[in-house]
Amino acid sequence: MTAVSFADLVALARAMIAEVGVTSPAGSGETAATVAALLTAEPRNEAPVLAIVTVIVRDALADPLRETFANRWRPLLPAWVQPQLIGATANRLRAAGLLVTTGRYVRSTDRAGRNVGKLQPVYTLDVAALHDRPLVDQPLTG
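Residues numbered from 1 in each chain as written. Predicted model: local features only at pLDDT ≥ 70, side-chain atom pairs only at ≥ 80, totals over all residues. Heavy atoms only, no water.

For the rest of this paragraph, the subject is the overall build of the protein chain. Within the protein chain one finds six helices and three strands. Scanning the protein chain from its N terminus toward the C terminus, one meets helices and strands in the order α-α-α-β-α-α-β-β-α. Expressed as a percentage of the 142 residues in the protein chain, the buried residues total 42%. Long-range contacts, defined as pairs at least 24 residues apart, comprise 71% of the intrachain contacts of the protein chain with a sequence gap of at least 6. Element-wise, carbon and sulfur atoms account for 57% of the exposed surface of the protein chain, whose accessible area totals about 7600 Å². (Helix = DSSP H or I, 4+ residues; strand = E, 2+ residues; numbered from the N terminus. Buried < 20%, exposed > 50% of the residue type's maximum accessible area, 1.4 Å probe, protein only. Contact = heavy atoms within 4.5 Å. Areas by Shrake-Rupley, 256 points an atom, 1.4 Å probe, with all protein chains shown as cover.)

Right under this line is the structure:
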């Protein structure tokens, strides 16, 4: 099992938050990516984004195939994490190449968000991308 230090997780979340520039040009059709970038860049969201990144990465590292999906994250997140930040943070991790879709889906168990039964992607964590990225000196690009 590859160990990822808590300091690396903190640096990853802070790099996401520091990325305030919107990476997609206007009119490119990447509205979801733009919204995710803006939500995760908001300084008031630093603690929730850090919590979400920590839960997602730890969940994936605990899986033998490094797979993870939202049904497993949701119950592990603190109650003070705003629901809209969960998807935004996962989208930023995906855009950064750290979460890679497997092409498989599972049914959602999210009753609070009224998403029960909807398909959600299964991701795999690209640990090499996590270790190859200079977390402190360079913000994530998406």
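On to the pattern of salt bridges. If you walk through the whole model with that rule in mind, you get four salt bridges. Asp59 is paired through a salt bridge with Arg72; the nearest N and O atoms lie 3.0 Å apart. Of the two residues, Asp59 is situated in helix α3 (residues 46–62) and Arg72 in helix α4 (residues 70–73); the sequence distance between them amounts to 13 residues. Its relative accessible area of 25% is what places Arg72 among the partly exposed residues. Taken together, the salt bridges that share partners define one network made up of Asp59, Asp63 and Arg72. (Salt bridge = Lys/Arg side-chain N within 4 Å of Asp/Glu carboxyl O.)

Right, let's get into the sheet that holds strand β1 (residues 67–68). A sheet is described by the order of its strands in space; here three strands give the open sequence β1-β3-β2, paired in antiparallel fashion. In this open sheet, the two edge strands, each paired with only one partner strand, are β1 and β2 (99–107). (Pairing = 2+ DSSP bridges.)

Next up on the list: the nonpolar core. Among the nonpolar cores identified, the biggest contains 24 residues, and Ile52, Ile56, Trp73, Ile86, Leu93, Leu99 and Leu125 are the most heavily contacted of them. Contributing elements (two or more residues each) for this core: α3, α4, α5 (83–95), β3 (119–125) and α6 (127–132). A total of nine residues in this core trace back to one element, the largest contributor, which is α3. (Core = buried A, V, L, I, M, F, W, Y, C linked by side-chain atoms within 4.5 Å.)

Let us look at the environment of Arg104. Here Arg104 shows up in strand β2. Separated by 19 residues in sequence, Arg104 and Tyr123 have C-alpha atoms that sit 8.2 Å apart. When residues no more than four places from it in sequence are discounted, the contact partners of Arg104 are Glu67, Gln120, Pro121 and Val122. At a separation of 2.7 Å, a polar atom in the side chain of Arg104 contacts the side chain of Glu67. (Polar contact = N/O pair within 3.5 Å; in protein donor to acceptor, adjacent residues only side chain to side chain.)

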